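Residues per chain are reported as follows:
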Amino acid sequence: MRKRLLIVGGSYAASELACQARESGYAEEILIVSDEGDLPYHRPPLSKSYLKDPGEELMPLRAEAFYRDKAIEVELGSKVVAIDGRGNRATLSNDVVIPFDTLALTTGARARTLPGLETCPGNLHYVRSVADARNLRLAIPGAEKVVIIGAGFIGLEVASALVRQNKHVTVVEAADRVLARAVSPELSRLLSAIHAQNGVNLITSRKVRPIIGPSGQINRLEMDDSLILKADIVVVGVGSQPNLELAQQLELHVGNGIIVDNRSRTSKSNVFAAGDCATFAGEFNRAGIRLESVQNAIDQARIAGNAIAGGDKVYHAVPWFWSDQYESKIQIAGLSSETTHSESRRGEKSDVSVFHFRDDVCVSVESVNRPRDHMAARRLLAGGKDITRRRLQEVDFNISALLNA
Ligand SMILES: Cc1cc2nc3c(=O)[nH]c(=O)nc-3n(C[C@H](O)[C@H](O)[C@H](O)COP(=O)(O)OP(=O)(O)OC[C@H]3O[C@@H](n4cnc5c(N)ncnc54)[C@H](O)[C@@H]3O)c2cc1C
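What counts, and where the lines are drawn
Residues numbered from 1 in each chain as written. Predicted model: local features only at pLDDT ≥ 70, side-chain atom pairs only at ≥ 80, totals over all residues. Heavy atoms only, no water. Core = buried A, V, L, I, M, F, W, Y, C linked by side-chain atoms within 4.5 Å. Buried < 20%, exposed > 50% of the residue type's maximum accessible area, 1.4 Å probe, protein only. Helix = DSSP H or I, 4+ residues; strand = E, 2+ residues; numbered from the N terminus. Contact = heavy atoms within 4.5 Å. Polar contact = N/O pair within 3.5 Å; in protein donor to acceptor, adjacent residues only side chain to side chain. Salt bridge = Lys/Arg side-chain N within 4 Å of Asp/Glu carboxyl O. Domains from an automatic or database assignment. Buried area = accessible area lost by both parts, 1.4 Å probe. Pairing = 2+ DSSP bridges. Right-handed = clockwise from strand over helix to strand, strands pointing away.

On to the nonpolar core, then. Ranked by internal contacts, the top residues of the largest apolar core, which has 38 residues, are Leu136, Ile148, Val158, Val169, Leu187 and Val235. No other element matches the 7 residues that helix α5 (residues 153-163) contributes to this core. Filtering out sequence-adjacent residues up to four positions away, valine 235 remains in contact with His125, Val127, Leu136, Val146, Val147, Ile148, Ile149 and Val158. Of all hydrophobic cores here, the second largest spans 27 residues; its members include Val33, Leu246, Ala273 and Phe280.

Let us look at the environment of asparagine 270. Position of asparagine 270 relative to the elements: it lies in the loop between β18 (258-260) and β19 (271-273). Looking at asparagine 270, the relative accessible area reads 18%, which means it is buried. When the C-alpha atoms of asparagine 270 and aspartate 101 are compared, they prove to be 7.0 Å apart, with 169 residues separating the residues in sequence. Among residues more than four places away in sequence, those in contact with asparagine 270 are Asn88, Phe100, Asp101, Thr102 and Leu103. Only 2.9 Å separates the side chain of asparagine 270 from the backbone oxygen of aspartate 101, close enough to count as a polar contact.

Within the structure shown, the criterion is met by 25 salt bridges. The closest approach of N and O atoms between glutamate 29 and arginine 4, which form a salt bridge, is 3.0 Å. Placement of glutamate 29 in strand β2 (residues 29-33) and of arginine 4 in strand β1 (residues 4-8) is noted, with a sequence separation of 25 residues between them. The class for glutamate 29 is partly exposed, based on a relative accessible area of 26%. Where arginine 302 meets glutamate 16, a salt bridge forms, and the shortest distance between an N and an O atom there is 3.0 Å. Here arginine 302, found in helix α8 (residues 294-308), pairs with glutamate 16, found in helix α1 (residues 12-23); they are 286 residues apart in sequence, far enough to count as distant. A residue is classified by how much of its surface remains accessible, and arginine 302, at 38% relative accessible area, is partly exposed. Given the relative accessible area of 7%, glutamate 16 is considered buried. A cluster of three or more residues bridged by salt bridges with shared partners is formed by Glu343, Arg345, Asp360, Arg389 and Asp396.

What the domain assignment lists for the chain is domain 1 (4-110 + 241-308), domain 2 (113-236) and domain 3 (327-402). The distance between the C-alpha centroids of domain 1 and domain 2 comes to 30 Å. When domain 1 packs against domain 2, close to 1,400 Å² is buried across both sides, 54% of that on carbon and sulfur atoms. Together, Ser47, Tyr50 and Leu51 form the three largest contributors to the area buried by domain 1 at its contact with domain 2, with a combined 42%. Our count for the domain 1 to domain 2 interface comes out at 3 salt bridges. In this structure, the salt-bridge partner of arginine 128 is aspartate 276, at a minimum N-O distance of 3.0 Å.

Burial of strand β11 (residues 168-172) is extensive: 4 of the 5 residues sit out of reach of the surface. In terms of strand pairing, strand β10 (residues 145-149) meets β11 through 5 bridges, oriented parallel. By the bridge assignment for β11, isoleucine 148 is matched with valine 171. Between the parallel pair β10 and β11, the chain is carried across by α5, and the sense of this crossover is right-handed. Here β11 runs beside strand β12 (residues 201-203); their pairing, made up of 3 bridges, is parallel.

Set out below in structure tokens:
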């Protein structure tokens, strides 16, 4: 009997892992089991263009024929509910039992919910899956007032999509600045100004409590200073949490994600993990971090697929991320945790790059509408040579100039 690689999850990491395993020579059966109803698709547009254009279709990562041609079986609409690690068997929500030899967990993350609001009243929306985005998109035409809880990337992207449709948008954030966990204070200030210019009412350092009215819908939100906000739609973007239930059943080493090494191996020899559900400690973050980005999901999955096929590739990709808000393209290369200082360069328009240093070595560059800086930063960070502050000063922080140096 042929052996089987079972991949749990149906998104970037699952699709890439299957593809890479095949391309690296894995000749046994490959089965992807996803609890979503669609083939793996592009998730970032869900909080951006998908909300702006009611005609925009879901974009699959790869066509159905691709999986067929590579002999990758995809079972959609099935959840893996239990895994018996000793017997190497997975049980699906329809009670079907699937034996496997190698297991890949690419279960990703789910939207963090507000306490007491795990199941959505009719007008409360989380944005994680296409089903969520479809529901929100259907509700947009009938709404006038929108309250968004959380000024993270998703909250701000949804704000920019809805305010451009003439909705009255208020964003409430508990921290004292937008994107506090993800970007520098300078970028927070710039983005706050851009949102204010576009008509978003941005409230920071405040918590809100949604109040459900007799109709079962949220009809108002109470702020901690007793102010009341009215809302036709409430969108919650307060982060995500990794889907770790199966890893816990398998008793894998788990922290804020499934702990993997630089070959995407978990603490069990036949189990791999990649993407939003995985935590990895590498050259860019020695303490270990769970990165939620398309780049990381794809790169880690490539490594896992290669390892499963017997290859020896290791993960040392430069983390990078992007977000689109209005006409601003925000791009981040590297990680700005544990940095000691930063320096920025502003252009004539609202373009800026913020350089973050750890002990005089640049470890991350945040850019708004400066794609050349971003690309140069990615290439230089990947190059392994220290980008010192002095080198950057010599070229007046024109980082692209260092590429040819
Ligand atoms: C609205 C939105 C906008 C984003 N925008 C950006 C952006 O601009 N740039 C960027 O870099 N990143 C962005 N991200 C993050 C990016 O989409 C994720 O990092 C990426 O999707 C992670 O891929 P993944 O395969 O690891 O996991 P996920 O995409 O989370 O997929 C996990 C899959 O596994 C399925 N699953 C989970 N458990 C089971 C089970 N037990 N059985 C079967 N199936 C299961 C889930 O339903 C899901 O299909 C965005 C995310 C969201 C939600």
